[in-house]
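# Overview (structure and organization)
Spelled out from the first residue to the last, the chains are:
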Amino acid sequence: MIIVCNSALGSYRQLAAEIAAENDTEVVDSVAEADDGPLLYVTGPTEVDEAVVLSLQQRLAELGPDAGGFGVITGPTASAARELYERGAADGVDASQRSEHSILLREETTDWFSYDDETSVSTGDDVTVADLGSTFSDLESLSMLVHGRSMHFFFGDGLLCGFPQTRPKQFDGPQPYCVTDDGRMDCPLEGELLHADEIRVPHQFVDSCASMLPENDYEGIPVHVGMGLLDGATNLIGAYRQIDSLPQLSLLHYCLVRAGYTGAERCYLLNLAARTYNTAVYPYLLFGRPETVASSADDQSFEVESIEGNNVTLRDVDAHVVDVRLDLPVSGEELYVRNRTDALADAPVYAVAFESGDDARLLVYTWGRFELEELVLEVDTSPVRRDEQSITVDALRNADRLRSLNYLDSKAKGQLKDLRNRIEGFGDDVHEQRYDINAHREVGEQISDVTDALGRIEDRVRSKLESRYSTFLSDDYREDFRRTATNAVDRRCPNCGRRVFEKRMESASGVARRRRDICPLCGVTADVPALDGAVGRPRVDGELVPVHDGVEVDVAFQNRRDVPVRATYVPWLGTDNDEYRGRDVFDPDAVTTRLAPGEQKSVTFDLDVSDLEPNEYWVCGYVLGNLNVYQGLRKMVVGTDYGHLRNDLRKSDE
């Protein structure tokens, strides 16, 4: 055991020296001086240094709980800190008397319950000081997600108060604001309070914005709710800064206690879970000795029957935590765990999965003990249908740009409004895949529904494009856009090879930006959106000068964006002749495909000109990409004596 002490208070330095002597070791002044191994950080409550705490967190993350485990030994007085250390050494809790557990989720509205008879779960206004005050004496563990400030946690019927009752005049440092000059407590809420230091629960998890460190509290005093709870704890894991959180973290702590994990292991895994769930970066500290285990811990048993690829099958599962390692190539990847067990398809089951050495390690837990004949899990490095998720989000964003282009008719606008209403909460559902091993089912169904709805909106946009009279897209939006710049660029006209000018356009709202390539001889050759600096241009290729009977037309497009694109290629013939304008002369009339970031695909269409009069025509290649409208254009001459390209024809004939 390594002892670190940076306290300037003689009583805590003396305590550190005593603990070091009892463990046959020395006291060092900083974490950097400590060798690998379990460590105790002994100091006064007002001297718990955030920089030291951060180095402890980093050490634990890098070395793991065996070589990097730590515990903070502190208290309102040195004698209180000594008692915390000694409670961890002996754990002085009679298992026959302490067999109950409690999970308190003050801000949770779902009525959760535990499958374990000896465990209670309270949510919302049912989290009361009256219940906690009458039951804590039977509790082996207490896991809480509550809102609060330095001196108070807010319960349904009152407050959990940090004002000391058991040691009212023994703490060092400034007095709480509710203390009178003669040391009495003067609080108008006295009848609605439960004092934290009256609670005696060995293993506690306190997930709250009320920091365990005075310097991160609002009042900066050594007396607060966390310090009061520590007075009756063997181990307490709590946050040392304001954080976001999830009820699953309190549940995970409970399951780890029941499964016999040490305080250091619990702190390590809860920090990893918070980071994996994207709620906070290593937010938790362990107070008390790192090697302490709950005296009522249960045996955990299961058999790994097979590991095939990313799937693991477990048999005879009888455990609160299923903790397995898989030899998977997951370096630097996020991990997602999915349930493939039909019996648990609708059950609230959670997991935390992370890279551990050369392996993937996953812990699966629920609201009680698993008792299963079989548990089948899949581990993946991406959420379910990730590309379609990206396409969906991008398409919804691009729909606002379509509105600026006047390409959403009233029906499409109604479809889009309905879609936005249907996907409220979709972001939360997607995020839940980080911890809920059944969330992929609902997300998959939602993505299918959204994809179908986006397809219907795209059909309306295609119908709008195909019914247009003008060849040029800008005729539809020019009045609502302003010209921001016109520049000569190093791109060539696909018809005559001349350098083109680029005209930059922007909607009045700034939502949509477009680029038009204009040849000084041929006119517009491209009209495309400008998105995050990535501008993709459809290119129309083929032997289009001259054409007499039929020809193949290639429309090529590269996805220059960093998201996948659902791309529909639509050929279109531009002419003043109402009889021929559109896509009826092309076979097929449209092709839909998917383009990964950076990927380019070319689609070939057969163009039948047998019924076209000799003349000059525009061949347009539209690409609808995640509801963005891209247009590439090229001239076509039917016959040999029409159009400004006839000089090129004559040269080619010579």
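The rules we used
- Residues numbered from 1 in each chain as written.
- Predicted model: local features only at pLDDT ≥ 70, side-chain atom pairs only at ≥ 80, totals over all residues.
- Heavy atoms only, no water.
- Helix = DSSP H or I, 4+ residues; strand = E, 2+ residues; numbered from the N terminus.
- Rg over C-alpha atoms; globule rule 2.2 N^0.38 Å.
- Buried < 20%, exposed > 50% of the residue type's maximum accessible area, 1.4 Å probe, protein only.
- Areas by Shrake-Rupley, 256 points an atom, 1.4 Å probe, with all protein chains shown as cover.
- Lys, Arg positive; Asp, Glu negative; His and termini not counted.
- Charge placed at Lys NZ, Arg CZ, Asp CG, Glu CD.
- Salt bridge = Lys/Arg side-chain N within 4 Å of Asp/Glu carboxyl O.
- Phe/Tyr/Trp six-rings, centres within 6.5 Å; stacked < 30°, edge-to-face > 60°.
- Lys NZ or Arg CZ within 6 Å of the ring centre and 35° of its normal.
- Pairing = 2+ DSSP bridges.
- Axes fitted to C-alpha atoms, helices over the stretch in contact; angles between N-to-C directions.
- Contact = heavy atoms within 4.5 Å.
- Patch = residues over 30% accessible without salt bridge, like charges linked within 9 Å, V, L, I, M, F, W, Y side chains within 5 Å.
- Core = buried A, V, L, I, M, F, W, Y, C linked by side-chain atoms within 4.5 Å.
- pLDDT = per-residue confidence, 0-100.
- Expected span 1.5 Å × (residues − 1).
- Arc of directions from axis to C-beta.

Within the protein chain one finds 13 helices and 30 strands. For 654 residues, the compact-globule estimate of 2.2 N^0.38 gives 26 Å, and the C-alpha radius of gyration of the protein chain, at 34 Å, exceeds that figure by more than 25%. Counting only C-alpha atoms, the protein chain reaches 105 × 60 × 50 Å along its principal axes. Expressed as a percentage of the 654 residues in the protein chain, the buried residues total 57%. Element-wise, carbon and sulfur atoms account for 41% of the exposed surface of the protein chain, whose accessible area totals about 27400 Å². In the protein chain, 66 side chains carry a positive charge and 117 a negative one; their mean positions are 12 Å apart.

A few words now on the pattern of salt bridges. Applying the stated criterion across every chain yields a total of 38 salt bridges. One salt bridge connects Arg 369 with Asp 318, and the closest N-O pair in it is separated by 2.7 Å. One end of the pair, Arg 369, is in strand 18 (residues 359-380); the other, Asp 318, is in strand 15 (residues 311-326), with 51 residues separating them in the sequence. One salt bridge connects Asp 409 with Arg 460, and the closest N-O pair in it is separated by 2.5 Å. With Asp 409 in the loop between helix 8 (386-404) and helix 9 (410-422) and Arg 460 in helix 11 (residues 439-466), the pair connects residues that are 51 residues apart, well separated along the chain.

Inspection of the entire model under this criterion finds 10 aromatic pairs. Here Phe 113 and Tyr 115 contribute two aromatic rings whose centre-to-centre distance is 5.7 Å and whose plane-to-plane angle is 75°, an arrangement assigned as edge-to-face. The exposure class of Phe 113 is exposed, given its relative accessible area of 53%. Centroid distance Phe 205 to Tyr 284: 5.1 Å. Interplanar angle 70°. Geometry classified as edge-to-face. Of this pair, Phe 205 sits in strand 11 (residues 203-207) while Tyr 284 sits in strand 13 (residues 284-288), and the two are 79 residues apart along the sequence. When sorted by exposure, Phe 205 lands in the same class as Tyr 284, which is buried. Its end group placed over the ring of Tyr 336, Arg 434 keeps NZ or CZ at 4.8 Å from the ring centre. Lying across the ring of Trp 618, Lys 635 places its NZ or CZ 4.5 Å from the centre.

This part is about the sheet that holds strand 22 (residues 523-529). Taken in spatial order, the 8 strands make up an open sheet running 19-20-21-22-30-29-25-27, and their pairing is antiparallel. With partners counted over all chains shown, the strands left at the sheet margins are strand 19 (481-492) and strand 27 (591-595), one partner each. Looking at each pair of strands side by side, their axes are set apart by 25° on average, direction ignored. Seen against the sheet, helix 11 touches strand 25 (565-574), strand 29 (615-625) and strand 30 (628-638) and runs at an angle of roughly 20° to strand 25.

A surface patch of negative charge is lined by Asp 549, Glu 552, Glu 579, Asp 587, Asp 606, Asp 608, Asp 611 and Glu 613. Take Asp 549: it is sitting in the loop between strand 23 (539-541) and strand 24 (550-558). Taking the relative accessible area as the measure of exposure, Asp 549 reaches 58% and is therefore exposed.

We now examine the nonpolar core. Leu 132, Met 144, Phe 153, Phe 155, Leu 160, Leu 229 and Tyr 284 are the most contacted members of the largest nonpolar core, which totals 93 residues. With 7 residues, the top contributor of residues to this core is helix 7 (residues 263-276). Those residues in contact with Phe 153 that lie beyond four places of it in its chain are Met 144, Val 146, His 147, Gly 148, Gly 158, Leu 159, Leu 160, Val 206, Ser 208, Ala 210, Val 225 and Leu 229. Tyr 407, Val 430, Ile 457 and Val 461 belong to the second largest nonpolar core, which has 37 residues in total.

Another aspect to go through is the confidence of the model for the protein chain. Summarising the model, the protein chain shows a mean pLDDT of 86, and 92% of its residues fall at 70 or more. Averaged pLDDT values for the elements of the protein chain fall to 45 in helix 13 (residues 646-653) and rise to 96 in helix 6 (residues 247-258). Counting interchain partners and residues more than four positions distant, the pLDDT-below-50 stretch residues 92-96 has 6 contacts. Long-range and interchain partners of residues 649-654, a stretch whose pLDDT sits below 50, account for 5 contacts in this model, where long-range means more than four residues apart.

A separate point is helix 1 (residues 10-22). Taking 1.5 Å as the rise per residue, helix 1 with 13 residues should run 18 Å; its terminal C-alpha atoms sit 18 Å apart, in good agreement. Residues of helix 1 that are buried include every one of Tyr 12, Leu 15, Ala 16, Ile 19 and Ala 20, and no others. The arc enclosing the buried residues of helix 1, seen along the axis, measures out at 135°, which places them on a common side. Counted as exposed and oriented over 90 degrees from the buried face of helix 1: Gly 10 and Ala 21.

All right, on to unusual backbone geometry then. Of the consecutive residues Val 545 and Pro 546, the connecting peptide bond is found in the cis state with omega at -15°. With an omega dihedral of -5°, the bond running from Asp 587 to Pro 588 counts as a cis peptide bond. One non-glycine residue, Asn 278, lies in positive phi territory at about 60°. Along the chain, Asn 278 falls in the loop between helix 7 and strand 13. Residue classification places Asn 278 among the exposed positions, given a relative accessible area of 52%. In this structure, Leu 627 is a non-glycine residue whose phi angle is positive, near 70°. Position of Leu 627 among the secondary structure elements: in the loop between strand 29 and strand 30. Leu 627 sits in the buried class, given a relative accessible area of 5%.

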